[in-house]
Number of protein chains: 2
Amino acid sequence: MREALAADAVLELFATADAIERHPELTADAAEISEKDAAALSETVTPQGLVAVCRLPRPTLADVAESSPRLLAVLVEPNDPGNAGTIIRTADAAGADAVVLDGGVDAFNGKAVRASAGSVFHLPIVEGPAADVCALRGVTTLAATGSGARSIDELAADGTLSGPTAWLFGSEAHGLPADVLARADHAVRVPIYGRAESLNLAAAAAICLYASARAQRGRS
Amino acid sequence: MREALAADAVLELFATADAIERHPELTADAAEISEKDAAALSETVTPQGLVAVCRLPRPTLADVAESSPRLLAVLVEPNDPGNAGTIIRTADAAGADAVVLDGGVDAFNGKAVRASAGSVFHLPIVEGPAADVCALRGVTTLAATGSGARSIDELAADGTLSGPTAWLFGSEAHGLPADVLARADHAVRVPIYGRAESLNLAAAAAICLYASARAQRGRS
């Protein structure tokens, strides 16, 4: 809520008497509602007594392209709002310029917003096809896939990660669609040193996004 | 189930007629049970029709210490079985020698086992105090904390991550206890480049464990 207010995204705010007492700094402009109404409006099992109607910031990929982005995270048909929110949080932490969602869950789904810990309000969340990201000039597109021909360590060593980069992530269940894999500049794997068959999607995304962040700051 | 059988951890296996038909390769030694009994025995909402009684592999920290470990993940009072299982899966993928649990959730909790994608059967899962890990000779202990004085990139650059290392992770809610922070050789932060206040625990653990895996293989 604090993040949504800071981002000037809140159109209307409703709060219970209890929430107004607990958070006077947030609720100066709130309309008071009953506990029952707050529970009915809220999606969570233990509502906080604060419900906001928010304006969804919806920049386009063209807006993002104009800003000469250096790091993008692209989620292709993400099917788990918790994973999507966690990756948005990690992209924010890694200093990404935007997150692009191609289908799948809505980043402003309540569960995704909570998993993002407010990061959906920190960086542009764009809806659009991964193919349009692959068509951006000057941005190397890296498809994260367990079967990638290139290891992420090779790409860090050869300087690929130091330039403007968009990472493409598929869903936990299905990975990236074949047409997206075909369009990307490289199919990239995180090496598996032990006996696990694969990494959890959000864990793999954290390793990829931070490898880029480090390389772009000359610390690879 | 496949992982548990491969690890020779299954003492008794029960399967529905349907599961026996679908998975003949797994159910040669299974006792047939009804769908109703399978549902009653299973924890999940949509049971697979296969229920096993498993022997829990429980090596001690002394066993692990004897094997001259190079990479350990230590979870101190983890409170989310999904996060714990995901970190065990990542530790396995990063080639860790063992995972140590100091309190908190049980790694063999059904939800943790599923989040680990079988990794709880791939590497030793040890129960014991983090203080004992900090007392191991020749192992540098790194406490992962957002307020750490050292950045993980510094430790990669100065060679610290190239030696035998144990990473200590606290709970998502409370972080690491003060006494564990005090015993560790370094308090280490993953740098935040954007506006996120922190990383999700499993994402931070993935970045830390893979930084060590890369450094130990001469790819830092």
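Everything that follows concerns the structure shown earlier in this document.
These notes cover the structure that comes with them. As the structure is a prediction and not an experimental result, all values here were calculated from the model.

Cut-offs used in this document
- Residues numbered from 1 in each chain as written.
- Chains lettered and ligands numbered in written order.
- Predicted model: local features only at pLDDT ≥ 70, side-chain atom pairs only at ≥ 80, totals over all residues.
- Heavy atoms only, no water.
- 1 Å grid on protein atoms, 1.4 Å probe; cavity = no way out; pocket = protein on both sides within 12 Å on 5 of 7 lines; lining within 4 Å.
- Points joined across faces, edges and corners; volume = space filled by probe spheres on them.
- Helix = DSSP H or I, 4+ residues; strand = E, 2+ residues; numbered from the N terminus.
- Nonpolar A, V, L, I, M, F, W, Y, C, P; charged D, E, K, R; others polar.
- Least-squares fit on C-alpha atoms with pLDDT ≥ 70 in both.
- Contact = heavy atoms within 4.5 Å.
- Buried area = accessible area lost by both parts, 1.4 Å probe.
- Salt bridge = Lys/Arg side-chain N within 4 Å of Asp/Glu carboxyl O.
- Polar contact = N/O pair within 3.5 Å; in protein donor to acceptor, adjacent residues only side chain to side chain.

Considering empty space enclosed by the protein
Residues and elements named next belong to chain B. The final tally for this structure, using the stated rule, is two cavities of 30 Å³ or more. Its volume calculated, the largest cavity comes out at about 40 Å³. Every residue lining the largest cavity is listed: Leu75, Pro78, Asn79, Asp80, Asn83, Ala84, Ile87, Gly170, Ser171, Glu172 and Leu201. With three residues, helix H5 (residues 81-93) is the largest single contributor of residues to the lining of the largest cavity. Taken together, the residues of the lining of the largest cavity break down into five nonpolar, four polar and two charged.

Looking at the relation of the copies chain B and chain A
After a rotation of 180° and a shift along the axis of 0.1 Å, chain B superposes on chain A with an RMSD of 0.1 Å. Classification of the inter-copy transformation places it as that of a two-fold axis. In this assembly the copies share their binding face: 100% of the residues contributing to the interface of chain B also contribute to that of chain A.

Side note on the interface of chain B and chain A
Interface size is commonly expressed as the accessible surface area that is lost when the partners come together. The interface of chain B with chain A comprises 33 residues on the first partner and 33 residues on the second. It is Arg89, Tyr193 and Arg195 of chain B in chain B that bury the most area against chain A; as a group they hold 24% of the surface buried on that side. Our count for the contact surface shared by chain B and chain A stands at two salt bridges. Here Arg89 of chain B ties to Glu172 of chain A by a salt bridge, and the two come within 3.9 Å at their closest N and O atoms. Connecting chain B to chain A are 18 residue pairs in polar contact (both at pLDDT 80 or more).

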